[in-house]
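Per-entry structural report
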Amino acid sequence: MGDIASFCLLSIAVFCGAFVSGLAGFAFSAVAGAILLHVLPPLEAVPLMMACSITVQATNLWALRKNIRWKQSSALVFGGLLGVPIAVWLLQTADARIFRESFGLAIACYAGYTLFRPVLSRRLQMNVRRNALIGFGGGLFGGLTAMPGAIPTIWCDIHGVPKTEQRGLVQPFIAAMQVFALVLMLLQNDLSSKVLVEFVASIPALLAGAALGIFAFRCVNEGSFRRIILTMLLFSGVLLAL
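Calculation rules
Residues numbered from 1 in each chain as written. Predicted model: local features only at pLDDT ≥ 70, side-chain atom pairs only at ≥ 80, totals over all residues. Heavy atoms only, no water. 1 Å grid on protein atoms, 1.4 Å probe; cavity = no way out; pocket = protein on both sides within 12 Å on 5 of 7 lines; lining within 4 Å. Points joined across faces, edges and corners; volume = space filled by probe spheres on them. Nonpolar A, V, L, I, M, F, W, Y, C, P; charged D, E, K, R; others polar. Helix = DSSP H or I, 4+ residues; strand = E, 2+ residues; numbered from the N terminus. Buried < 20%, exposed > 50% of the residue type's maximum accessible area, 1.4 Å probe, protein only. Phe/Tyr/Trp six-rings, centres within 6.5 Å; stacked < 30°, edge-to-face > 60°. Lys NZ or Arg CZ within 6 Å of the ring centre and 35° of its normal.

1. What about empty space enclosed by the protein?
A complete count under the given rule lists 1 cavity of 30 Å³ or more for this structure. As a volume, the largest cavity reaches approximately 50 Å³. Forming the walls of the largest cavity are Ala24, Gly25, Phe26, Thr153, Gln166, Arg167, Val170, Gln171 and Ile174. Grouping the amino acids of the lining of the largest cavity by side-chain chemistry returns 4 nonpolar, 4 polar and 1 charged.

2. A few points about the environment of arginine 129
Note on placement: arginine 129 falls in helix α6 (residues 128-145). On the basis of relative accessible area, arginine 129 is assigned to the exposed category, the value being 75%. Sequence separation of arginine 129 and leucine 76 is 53 residues, and the distance between their C-alpha atoms is 9.1 Å.

3. So, the packing of aromatic side chains
For any pair of aromatic rings, geometry is given as the distance between the ring centres together with the angle between the planes. Overall, the coordinates contain 2 aromatic pairs when judged by the stated rule. Here the aromatic rings of phenylalanine 103 and phenylalanine 141 are separated by 4.9 Å at their centres, their planes lie at 10°, and the arrangement is stacked. A residue pair is termed long-range when its members are at least 10 positions apart, and phenylalanine 103 in helix α5 (residues 96-114) and phenylalanine 141 in helix α6 qualify at 38 residues. Looking at phenylalanine 103, the relative accessible area reads 8%, which means it is buried. Plain terms: the ring middles of phenylalanine 217 and phenylalanine 225 are 5.3 Å apart, the flat faces sit at 75° to each other, and that makes the pair edge-to-face. The class of phenylalanine 217 is buried, set by a relative accessible area of 3%. Just above the ring of tryptophan 62 sits the side chain of arginine 65; from NZ or CZ to the centre is 3.9 Å.

Put into structure tokens, the structure is as follows:
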């Protein structure tokens, strides 16, 4: 990524990904990867996207710290930490493409359907066992698809959880799963020095995109936020299924 054109592509990709992640809370890799995976080899693009996404998640956690629901999120994280190693094992022993395509089709169908139905009014009653089970599913499928937040986000949408509570519950879980996945990746592979250079170069665009996304999140109403979440789930699901 030495020339100006490549730097501009990198900045555009991470800015767009950071904006969407700051607004919706997830989908950085789905958006940024649409560009980065076409201009960088996977061994550079994947860890770069993970590092960038973790940075955005850290920014989100700080900006939304008053709304974070640490107690409920801890159960999600515990379940997710159990699910990720199983996903790593499945990646080594099974056809991960089938998992990705099936999961992508499922969440795309869910998002496409729910975009045209009214919001469910029943509120989610937090339960440690239930949250741990949802976290396990998020960690398992997140490890296979790089979308750990999809299942907890859908769970919150089904039960009509308001946007600030949803972000406060799901945001720590996504951050923890991404840190855990990056650690596993670093233990298994040597990280190219180019990734560090590209990450440092992307920081201004990352921070600008995340700040703008968080500002937009605070401005949109509940109905608009739900449509944004479902649209991003639909977009991400289609990308996984293709």
